[in-house]
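The chain contents come next:
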Amino acid sequence: MVEILCIRLCFVLLMVTGSLAQDMPDFDIESLIGNKEKTSYFYSAPNIDVADKGSWTMPPKFRCEACIGVGYQFQKHFRLEEEKRSKKGADLVESQILDVTDRLCSKGFKKYGAKTLDGRTRLSGEGLKAFYEYGMTGIGPGWVQRMQGICQEVVGLLDEVTIYDMYKTRGDRQLSETMCETFCTAAEMKEYRQDVKTMDLASTDNKFDDEL
């Protein structure tokens, strides 16, 4: 009984801090203690540089993945907006394009953060490999601000209509593959293309974000 209470207390403390969100399978605490043959899960908190923790700017090592996350959200929400507002197959008008990008850059990305994956700290969120893997994600206002900053930077660099045109002409590729060429090195883009093959994008790309 004492062991059960201690474990429950640890989980409560992790949740109320608001700084860590656990992406792990649900399990019954009593069963976990009673059956020692069950698989154990051990996750380490993401290792973030001290300088990066106090900065509202996206760290350089995460800029490529941040742009990819932004591209994923643009692609997802352009399509959902087309299905919601327009006749099937019809393009969005400029006001609708601006509405999508403005909402994303000002209210989106609240579930993005950092996660340790295979000993490497990576950005985690929809459209990024780390999001679809087990682990502990460090989230919070700092990451929201950084992601929204990258979103605004992309829009400022390309403009909303150009981004939508890229989305419409992308063919079988992901929007991020063309949109993020200036944010990613050739090696980073190659890794992303490999990651796409392993991600279950269908599990999230049909859902509107609750906060938007």
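About the cut-offs
- Residues numbered from 1 in each chain as written.
- Predicted model: local features only at pLDDT ≥ 70, side-chain atom pairs only at ≥ 80, totals over all residues.
- Heavy atoms only, no water.
- Axes fitted to C-alpha atoms, helices over the stretch in contact; angles between N-to-C directions.
- Helix = DSSP H or I, 4+ residues; strand = E, 2+ residues; numbered from the N terminus.
- Parallel < 35°, antiparallel > 145°, perpendicular 65-115°, else oblique.
- Contact = heavy atoms within 4.5 Å.
- Nonpolar A, V, L, I, M, F, W, Y, C, P; charged D, E, K, R; others polar.
- Phe/Tyr/Trp six-rings, centres within 6.5 Å; stacked < 30°, edge-to-face > 60°.
- Buried < 20%, exposed > 50% of the residue type's maximum accessible area, 1.4 Å probe, protein only.
- Core = buried A, V, L, I, M, F, W, Y, C linked by side-chain atoms within 4.5 Å.
- pLDDT = per-residue confidence, 0-100.
- Disulfide = S-S within 2.5 Å.
- Pairing = 2+ DSSP bridges.
- Expected span 1.5 Å × (residues − 1).

Points about the packing of helix 6 (residues 141-158) against helix 7 (residues 160-168)
Here is step 1 of the chain: For the pair helix 6 and helix 7, interaxial distance at closest approach is 7 Å and the crossing angle is 90°. With respect to each other, helix 6 and helix 7 are oriented roughly perpendicular. Side by side, helix 6 and helix 7 meet where V154, V155 and L158 of the first sit next to E160, T162, I163 and M166 of the second.
Here is step 2 of the chain: Broken down by class, the residue content of the contact of helix 6 with helix 7 amounts to five nonpolar, one polar and one charged.

Re the packing of aromatic side chains
Here is step 1 of the chain: By the definition in use, this model includes seven aromatic pairs.
Here is step 2 of the chain: Ring geometry for F74 and F78: centres 5.9 Å apart, planes at 15°, overall stacked. With F74 and F78 both in helix 4 (residues 63-85), this residue pair falls four residues apart, about one helical turn. Neither residue differs from the other here; F74 and F78 are each classed as buried.

As for the nonpolar core
Here is step 1 of the chain: Counting residues in each nonpolar core, the largest one holds 40 residues, and the members touching the most others are F74, F78, V154, I163 and M179.
Here is step 2 of the chain: At the level of elements, helix 4, helix 5 (94-107), helix 6, helix 7, helix 8 (175-179) and helix 9 (186-196) are the ones that each hand at least two residues to this core.
Here is step 3 of the chain: Sorting elements by how many residues they give to this core places helix 4 first, with eight residues.
Here is step 4 of the chain: Contacts of M179, omitting those with residues within four sequence positions, involve C67, V70, G71, F74, V154, L158, I163 and M166.

Section: the confidence of the model for the protein
Here is step 1 of the chain: Mean pLDDT over the protein stands at 79; residues scoring 70 or higher make up 69%.
Here is step 2 of the chain: Ranking the elements of the protein by mean pLDDT puts helix 2 (residues 29-34) last, at 39, and helix 7 first, at 97.

As for the state of the cysteines
Here is step 1 of the chain: Tallying each qualifying case throughout the model produces three disulfides.
Here is step 2 of the chain: A sulfur-sulfur distance of 2.1 Å marks the disulfide that ties C67 to C180. Where C67 bonds to C180 through sulfur, the torsion about that S-S bond is close to -95°, and the disulfide is left-handed. Note that C67 is positioned in helix 4 and C180 in the loop between helix 8 and helix 9, a separation of 113 residues in sequence. Neither C67 nor C180 differs from the other in exposure class; each is buried.

Some remarks on the pairing of strand 3 (residues 120-124)
Here is step 1 of the chain: Counting buried positions along strand 3 gives four out of five residues, so the element sits mostly inside the fold.
Here is step 2 of the chain: Note: strand 2 (residues 113-117) against strand 3, five bridges, orientation antiparallel. Across the sheet, K115 pairs through a bridge with R122, a residue of strand 3.
Here is step 3 of the chain: Counted between consecutive antiparallel strands, the loop separating strand 2 from strand 3 contains two residues, among which D118 sits at a positive phi close to 55°.

Structural notes on helix 4
Here is step 1 of the chain: For helix 4, built from 23 residues, the straight-helix expectation of 33 Å at 1.5 Å per residue is met to within 8% by its first-to-last C-alpha distance of 32 Å.
Here is step 2 of the chain: Of all the 23 residues making up helix 4, 18 are buried; the element is thus mostly covered by neighbouring parts of the structure.

Some words on unusual backbone geometry
Here is step 1 of the chain: Even without being glycine, F109 reaches a positive phi, approximately 70°.
Here is step 2 of the chain: Looking at the element boundaries, F109 is found in the loop between helix 5 and strand 2.
Here is step 3 of the chain: According to the relative accessible area criterion, F109 is buried, its value standing at 4%.
Here is step 4 of the chain: With a phi close to 55°, D118 is a non-glycine residue in the positive phi region.
Here is step 5 of the chain: Within the element layout of this structure, D118 appears in the loop between strand 2 and strand 3.
Here is step 6 of the chain: Judged by its relative accessible area of 77%, D118 is exposed.

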